[in-house]
Amino acid sequence: MKKIIALVLAVAMIASVAMLAGCGNSNSKQSGGGSTKEKLTMATNATFPPYEYKEGEEFVGIDVEIAKAIADKLGMELEIADIEFDSIITGVQTGKYDMGMAGMSVTDERKQSVDFSDSYATGIQAVIVKEGSEIKTADDLLAKDTSYKVGVQLSTTGDIYIGDDYEKAGKDESLITRFQSGNDAVTALASGKVDAVVIDNEPAKSYVASTKGLQILDSKYAEEDYAICFAKNNTELKDKVNGALKELIADGTVKNIIDKYIKAN
């Protein structure tokens, strides 16, 4: 009899816990006023105008607006994580972030670590120098018997390209200084710590406009495609984002966003 009573009490307690748990789940969905949409987490480095930067506490820029448009298409809520550029791919690889979008160029080296969406923009790597510099073209950086000091943002394509090219030209690796942000590299140029900066053309325009005595060389250093990166095991999300991106390109949304930030010359 004691065993039967104990069994009945145990069943009653389990039923009570289940009812309470059910009530708790129901309240958590309805309370707090928060969105019930699935989140789409984008890792970026918001020091790269006009692709991503901050106005006050708000994230703005080409990548930010395209990412929001993609999230809306997918019925998801965009969440932005502002981190160091060289941490984006690792964060995406480990699943900490769903995708990386930071004016990121598609390179063979990066393809070994992550997958990429279709390209949504074309970028140009430019060279910034001081006005009156003896460096007149991008090729001058690699000329024989020269030892120009170059500043780049760590882990960007500017870093990758100049690193590879200096190695092939037999130039000392110590001539390259890697900074956490493009702004730091440009500040070093303005103060004479480096002779040139290799960086994307659009941020270059912003930096030169706000820093007296600098200019962008007419010759391009490189041309490249920008895309969104995903973990290699996240094919489902990549395909969904690609589908939304294709629609946004087809209906002119992507072009309108880019034209908003990059005015035709």
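Whatever comes next refers back to the structure up there.
Throughout, residues of each chain are indexed from 1 in the direction in which the sequence is written. Since the coordinates come from a predicted model, pLDDT governs what is reported: local features require at least 70, and pairs of side-chain atoms require 80 or more to be given and counted, while whole-chain, interface and lining totals use all residues. To get the side-chain values, all heavy atoms of the structure are used, and hydrogens and water are removed first.

Focus: the overall build of the protein
Per the secondary structure count, the protein includes 9 helices and 13 strands. Burial analysis of the protein (265 residues in total) assigns 45% to the buried set. Considering only contacts within the protein whose residues lie at least 6 apart along the sequence, 76% involve residues at least 24 apart. When the accessible area of the protein is evaluated, it comes to approximately 14200 Å², of which 51% is carbon and sulfur surface. Going along the chain from the N terminus, every DSSP run of H or I of four or more residues is numbered as a helix, and every run of E of two or more is numbered as a strand. Exposure classes here rest on a 1.4 Å probe applied to the protein chains alone. A residue is buried below 20% of its type maximum, exposed above 50%, and partly exposed in between. Should any heavy atoms of two residues lie within 4.5 Å, those residues are considered in contact. Only the protein chains shown count as cover for residues, and all accessible areas are computed by the Shrake-Rupley method using a 1.4 Å probe.

Here's the deal with the pairing of strand β1 (residues 39-44)
Of all 6 residues that make up β1, 5 are buried, and the element is covered over most of its length. Bridge count between β1 and strand β4 (residues 77-82): 6 bridges; the pairing is parallel. In the sheet register, Leu-40 faces β4, and the bridge partner there is Leu-78. Two strands are counted as paired when DSSP detects at least two bridges linking them.

Remarks on unusual backbone geometry
Comment: phi is negative for the bulk of residues other than glycine, and the bulk of peptide bonds are trans. Backbone torsion omega between Pro-49 and Pro-50 reads 5°, so that peptide bond is classified as cis. Structurally, the position occupied by Pro-50 is in the loop between β1 and β2 (53-55). At Asp-145, a residue that is not glycine, the phi angle is positive and equals roughly 65°. Topologically, Asp-145 is positioned in the loop between β7 (121-130) and β8 (150-153). A relative accessible area of 75% places Asp-145 in the exposed class.

Looking at the side chain of Thr-107
Within the fold, Thr-107 resides in the loop between β5 (99-100) and α4 (108-111). Thr-107 sits in the buried class, given a relative accessible area of 10%. Identification of polar contacts relies on pairs of N or O atoms within 3.5 Å, with a donor-acceptor requirement for protein atoms, meaning one able to donate a hydrogen and the other able to accept it, and with residues adjacent in sequence counted only if both atoms are side-chain atoms. In this structure the side chain of Thr-107 is engaged in a polar contact, spanning 3.1 Å, whose partner is the backbone nitrogen of Arg-110. The contacts of Thr-107, once residues within four sequence positions are left out, are Thr-157 and Tyr-161.

Some points on helix α8 (residues 235-250)
Take the number of residues in a helix, subtract one, and multiply by 1.5 Å to get its expected span. Look at α8: 22 Å from first C-alpha to last across 16 residues, which is about the 22 Å you get at 1.5 Å a residue. On its buried face, α8 is in contact with β1, α2 (62-74), β6 (115-116), β13 (229-230) and α9 (253-261). With its phi angle positive at about 90°, Gly-252 sits one or two positions after the end of α8.

Considerations on the packing of α2 against α9
Look at α2 against α9: their axes get within 9 Å of each other, and the N-to-C directions meet at 155°. By the angle class used here, α2 and α9 are roughly antiparallel. Here the hand of the crossing between α2 and α9 comes out right-handed. Two secondary-structure elements touch here, α2 through Ile-62, Glu-65, Ile-66 and Ala-69 and α9 through Thr-253, Val-254, Ile-257, Ile-258, Lys-260 and Tyr-261. Side-chain classes are defined by residue name, with Ala, Val, Leu, Ile, Met, Phe, Trp, Tyr, Cys and Pro counting as nonpolar, Asp, Glu, Lys and Arg as charged, and the others, Gly among them, as polar. Along the lines of polarity and charge, the residues of the contact of α2 with α9 split into 7 nonpolar, 1 polar and 2 charged. Orientation is described by lines fitted to C-alpha atoms, with helices fitted over the stretch in contact, and by angles between N-to-C directions that extend from 0 to 180 degrees. Put simply, angles under 35 degrees are roughly parallel, angles over 145 are roughly antiparallel, angles from 65 to 115 are roughly perpendicular, and the rest are oblique. Definitions for this section: a left-handed crossing has its near helix turned counterclockwise from the far helix by less than a right angle. A right-handed crossing has that turn clockwise.

Section: the packing of α2 against α8
The contact between α2 and α8 brings their axes to 9 Å, and the two run at 110°. Taken together, the axes of α2 and α8 are roughly perpendicular relative to one another. The interaxial crossing formed by α2 with α8 has right-handed handedness. Residues Ile-66, Ala-69, Ile-70, Lys-73 and Leu-74 of α2 form the contact with α8, whose participating residues are Lys-240, Val-241, Ala-244, Leu-245, Glu-247 and Leu-248. Of the residues belonging to the contact of α2 with α8, the class tally is 8 nonpolar, no polar and 3 charged.

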